[in-house]
Amino acid sequence: MVDVTPLVKSGQQIIQSYADGSFRVSGKVYETAVVVVPDETQIWDIGAVSVSDLSADDFSPLLAHGDNLDVILLGTGKQIAFLAPELKVELKSRGLHVEVMDSGAAARTYNVLMADGRRVAAALLPFS
């Protein structure tokens, strides 16, 4: 495990843990889906209960950051689950470059990229 804590500027959001469907981000525990960008964490209000239920509209909170993001790391829960090809094309047409991985890997990757100064977001699902 790489400790990126010394590289994180004060006030930036760091994902400290993911376990049993919850996330600890900068000292606060979330038991729901979240969107994490370097300067804030917000609850990701989606109705989906699986990755296959996601729609382009579910990604609207990320559109607000679209021009300021190089990549969105979509954490799909305990297991990796891929987006429908049509959805991935739709998101790309809206300017969102989404990389899919399990939520643990997405959290770790976000921390490293954010500490490196990259323009990154983590959209994390608590699915088991």
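Quick note: structure is the one above.
Now for a quick tour of the structure. The shown structure was predicted, so the numbers you read here are calculated from the model rather than taken from an experiment.

Note on sheets: strands pair through backbone hydrogen bonds, and any given pair is parallel or antiparallel. With respect to topology, three strands assemble into an open sheet ordered S1-S2-S3, the strand pairing being antiparallel. Every interior strand has two partners, whereas the edge strands, strand S1 (15-19) and strand S3 (28-30), have only one. Ignoring which end each strand starts from, the neighbouring axes of this sheet average 20° apart. Inspection of the sheet shows strand S2 (residues 22-25) paired to S3 by three bridges, in the antiparallel sense. Paired with valine 25 across the bridge in S3 is lysine 28. Packing against the sheet, helix H3 (residues 103-115) makes contact with S1 and S2, and its axis sits at approximately 175° to S1.

This part covers the pairing of strand S7 (residues 98-101). Judged from the four bridges that link them, strand S6 (residues 71-75) and S7 form a sheet pairing that is parallel. Note on S7: the bridge partner recorded for leucine 73 is glutamate 99. Taking the sense of rotation as the criterion, the β-α-β connection linking S6, helix H2 (residues 85-93) and S7 turns out right-handed.

Quick notes on the rules
- Along each chain, residue indices are assigned from 1 in the same order as the chain's sequence is written.
- The predicted nature of this model means local features are confined to residues of pLDDT at least 70 and side-chain atom pairs, given and counted, to a pLDDT of 80 or more, with totals for whole chains, interfaces and linings taken over all residues.
- As a rule here, side-chain values cover all heavy atoms of the structure and leave hydrogens and water aside.
- In this scheme, strands are said to pair when DSSP sees at least two bridges between them.
- Helix and strand assignments follow DSSP, with helices taken as H or I runs no shorter than four residues and strands as E runs no shorter than two, numbered in order from the N terminus.
- A fitted line through C-alpha atoms serves as each axis, taken over the contacting stretch for helices, and the angle formed by two N-to-C directions is quoted from 0 to 180°.
- The criterion used for residue contact is that any of the two residues' heavy atoms lie within 4.5 Å.
- A crossover gets the label right-handed when its path from the first strand over the helix to the second runs clockwise, viewed with the strands pointing away from the viewer.

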